[in-house]
Amino acid sequence: YNQICYLNPNLFNKNLINLKRVDLSYNNLRSIENFTFQNLISLTYLDISNNQLNKFFPTSFFNLSNLEYLGLANNQIKRIEKYIFEYFTNLFYLG
């Protein structure tokens, strides 16, 4: 496991459009900035469980329409706005 506490919104650039899986579990992430994953148009699996996440911005998950798995368990999330999920048209696991 790593000790990542921040993701630069430009981290996942346009060269990664074919990336299918991202596992950032067991880090120290506290928030996901707007548009962080926007270039990952092929992403089907995102695990950000077991972090310190307590905040999502309105477009934190923008453009993730192919996402099928989103792991959020064991974070400090107190509230998620319902509009955050409008980007997930293929989501079948949320945990």
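About the cut-offs
Residues numbered from 1 in each chain as written. Predicted model: local features only at pLDDT ≥ 70, side-chain atom pairs only at ≥ 80, totals over all residues. Heavy atoms only, no water. Helix = DSSP H or I, 4+ residues; strand = E, 2+ residues; numbered from the N terminus. Buried < 20%, exposed > 50% of the residue type's maximum accessible area, 1.4 Å probe, protein only. Polar contact = N/O pair within 3.5 Å; in protein donor to acceptor, adjacent residues only side chain to side chain.

Novice: Lay out the side chain of Asn51 in plain terms, naming residues and giving numbers.
Specialist: For Asn51, the location among the structural elements is in the loop between β3 (45–47) and β4 (55–56). Residue class for Asn51 comes out buried when judged on its relative accessible area of 2%. For Asn51, the side chain forms a polar contact with the main-chain nitrogen of Asn28, separated by 3.3 Å. Here Ile48 takes part through its backbone oxygen, which lies 3.0 Å from a polar atom of the side chain of Asn51.

Novice: Outline unusual backbone geometry, supporting the account with residue identities and numerical values.
Specialist: Phi is positive for Phe35, close to 65°, though the residue is something other than glycine. In this fold, Phe35 is placed in the loop between β2 (31–32) and β3. With relative accessibility at 33%, the residue Phe35 sits in the partly exposed group. You will see that Asn50, though not glycine, has its phi angle at about 55°, which is positive. Take Asn50: it is sitting in the loop between β3 and β4. Take Asn50: its relative accessible area is 19%, and that puts it in the buried class.

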